[in-house]
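Listed below, chain by chain, are the residues.
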Amino acid sequence: MSSRNLHLLATLLAVLALTVTAGGPTASTPTSTTPPGVVATAPVEVDSVPVAYVGTVYLTFDDGPHATWTPRMLSVLRKYGVHAVFFEVGQNVSWYPSITRSLRTYGNLIGNHTWSHPDLTTLSSSAVTSQLNRMESALGYRPRCVRPPYGATNSRIATIIANRGQRQILWTVDPRDWSRPGTSVIVSRVLAAVRPGSRILLHDGGGDRSQTVAAVDLLIPKLRARGYVIGLMAC
């Protein structure tokens, strides 16, 4: 074969090779599954969708400080960047002053829950004043808010508190966590009753509060997912 024919044959083979390469499928070429006429959009992450604001609710804790459960409750609150009002019993404050200081250090507020947790409506006015004063002596200052134990109050108790320049604070949601009904029950009771402005009663003292600690760890993200902001009362 002449050199001219060899040259033409080489040229023809090169053209054929380019044609096969250009026309064949490649592994890196994606196949579109979008129907004709439909504009493809990027998937939306569910967690990135903003939740509409519904209202503010408030967490409050009674009967502490407790050597075990109050620090664990504080750990949960810090995990979510949430603050609360702790209505403390003066006797417990005198036993665990460093725990009370730790609550305040991390932005929580303390309320007066009396010295020894009596039903104030059964006491004389002077005895009521003594209960409040002894708690504040252990605390080292006068807090703005008072919560009568058991929520037991009347016009006389309310007047004594008001004349001291303090606010009486009760609650609007009570899951009865003190009875230890189970973590899931505490959570469901709160979610069923909560409304904008709700003051939620929980306990960090007075017994085994492991269920309450676990419930708060679940409640905070659930409340936020429903559009609630967890605020801090002015106490």
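No experiment lies behind these values; they were computed from the predicted model shown.

Novice: Sorry, what's going on with the packing of aromatic side chains here?
Specialist: Think of a pair of aromatic rings as described by two things: how far the centres are apart, and how the planes are tilted against each other in angle. Inspection of the entire model under this criterion finds one aromatic pair. When the centroid spacing of 4.9 Å and the interplanar angle of 20° are considered together, the rings of Phe 61 and Phe 86 count as stacked. With Phe 61 in strand 1 (residues 55–62) and Phe 86 in strand 2 (residues 85–88), the pair connects residues that are 25 residues apart, well separated along the chain. With respect to burial, Phe 61 and Phe 86 carry one shared label: buried. A cation sits over an aromatic face here: Arg 78 above Tyr 106, 3.7 Å from the ring centre.

Novice: Would you mind going over the pattern of salt bridges with me for this structure?
Specialist: Opposite charge on two side chains allows them to pair when their charged atoms are near. In this structure the tally under the stated criterion is five salt bridges. One salt bridge connects Asp 62 with Arg 147, and the closest N-O pair in it is separated by 2.8 Å. On the criterion of sequence distance, the pair formed by Asp 62 in strand 1 and Arg 147 in the loop between strand 4 (145–146) and helix 6 (155–163) is long-range, its members being 85 residues apart. Take Asp 62 and Arg 147: they sit in the same class, and that class is buried.

Novice: Is there a simple way to think about the packing of helix 5 (residues 125–139) against helix 6 in this case?
Specialist: What describes two packed helices is the angle between their axes and the distance between those same axes. Interhelical geometry of helix 5 versus helix 6 gives an angle of 50° and a closest axis separation of 11 Å. Taken together, the axes of helix 5 and helix 6 are oblique relative to one another. Relative to helix 6, the crossing made by helix 5 is right-handed. Of the residues in helix 6, those touching helix 5 at Ser 125, Val 128, Thr 129 and Leu 132 are Arg 156, Ile 157, Ile 160 and Ile 161.

Novice: Mind showing me how you'd approach unusual backbone geometry here?
Specialist: In terms of backbone geometry, most residues other than glycine have negative phi values and most peptide bonds are trans. Put simply, Gly 64 and Pro 65 share a cis peptide bond, and its omega is -5°. Take Pro 65: it is sitting in the loop between strand 1 and helix 2 (69–80). Despite not being glycine, Arg 180 shows a phi value in the positive range, around 55°. Tracing the chain through its elements places Arg 180 in the loop between strand 5 (167–168) and helix 7 (183–193).

Novice: Can you help me understand the environment of Val 82 in this one?
Specialist: Mapped onto the secondary structure, Val 82 falls in the loop between helix 2 and strand 2. Distance in space between the C-alpha atoms of Val 82 and Tyr 58 is 9.8 Å, their sequence separation being 24 residues. Not counting residues within four places of it along the chain, the set of residues in contact with Val 82 comprises Leu 59, Leu 77, Asn 108, Ile 220, Arg 224 and Ile 230.

Novice: Please clarify how the state of the cysteines should be interpreted in this entry.
Specialist: Each disulfide consists of one covalent bond between the sulfur atoms belonging to two cysteines. By the definition in use, this model includes one disulfide. Across the disulfide from Cys 145 sits Cys 235; the S-S distance is 2.0 Å. On the S-S bond that ties Cys 145 to Cys 235, the torsion sits near -85°, and the link is left-handed. Separated by 90 residues along the polypeptide, Cys 145 in strand 4 and Cys 235 in the segment after strand 7 (228–231) bring together distant segments of the chain. Cys 235 matches Cys 145 in its accessibility class, with the two residues each being buried.

Novice: Any chance you could explain the nonpolar core here in plain terms?
Specialist: The tendency in soluble globular proteins is for nonpolar side chains to be buried as a group. Membership of the largest hydrophobic core comes to 32 residues, with the highest contact counts inside it found for Leu 59, Phe 61 and Leu 77. Those elements giving two or more residues to this core turn out to be strand 1, helix 2, helix 5, helix 7, strand 6 (199–203), helix 8 (210–225) and strand 7. If one sorts the elements of this core by residue count, helix 8 sits on top with six residues. Non-local contacts of Leu 77, meaning those with residues more than four positions away in its chain, are made with Leu 59, Phe 61, Val 82, Ala 84, Phe 86, Asn 108, Val 216 and Ile 220.

What counts, and where the lines are drawn
For every chain, the first residue of the written sequence is number 1, and numbering continues from 1 onward in sequence order. Residues qualify for local features only when their pLDDT is at least 70, as the model is predicted, and side-chain atom pairs are given and counted only at 80 or more; totals for whole chains, interfaces and linings, by contrast, use all residues. Side-chain numbers come from the whole structure's heavy atoms, not from hydrogens or water. What counts as a ring pair is set by centres within 6.5 Å for rings of Phe, Tyr and Trp (its six-membered ring), and what kind of pair is set by the plane angle: stacked under 30 degrees, edge-to-face over 60, tilted for all other angles. Secondary structure is summarised from DSSP: a helix means a run of H or I of at least four residues, a strand means a run of E of at least two, and numbering begins at the N terminus for each. Buried, partly exposed and exposed residues are distinguished by accessible area as a fraction of the type maximum, computed with a 1.4 Å probe on protein chains only: under 20%, between the cut-offs, and over 50%, respectively. Lysine NZ or arginine CZ positioned within 6 Å of the ring centre and within 35 degrees of the ring normal marks a charge as sitting over the ring. Only one rule defines a salt bridge in this text: a Lys or Arg side-chain nitrogen within 4 Å of an Asp or Glu carboxyl oxygen. Convention adopted: a line fitted to C-alpha atoms gives each axis, helices being fitted over their contacting stretch, and angles between N-to-C directions are expressed from 0 to 180 degrees. Our angle categories are set so that under 35 degrees counts as roughly parallel, over 145 as roughly antiparallel, 65 to 115 as roughly perpendicular, and the remainder as oblique. When the near helix sits turned anticlockwise from the far one by under a right angle, the crossing is termed left-handed; a clockwise turn instead gives a right-handed crossing. Any pair of residues with heavy atoms lying within 4.5 Å of one another is described as a contacting pair. Put simply, a disulfide is two cysteine sulfurs that come within 2.5 Å. The definition of a nonpolar core used throughout is a set of buried Ala, Val, Leu, Ile, Met, Phe, Trp, Tyr and Cys residues joined through side-chain atoms within 4.5 Å.

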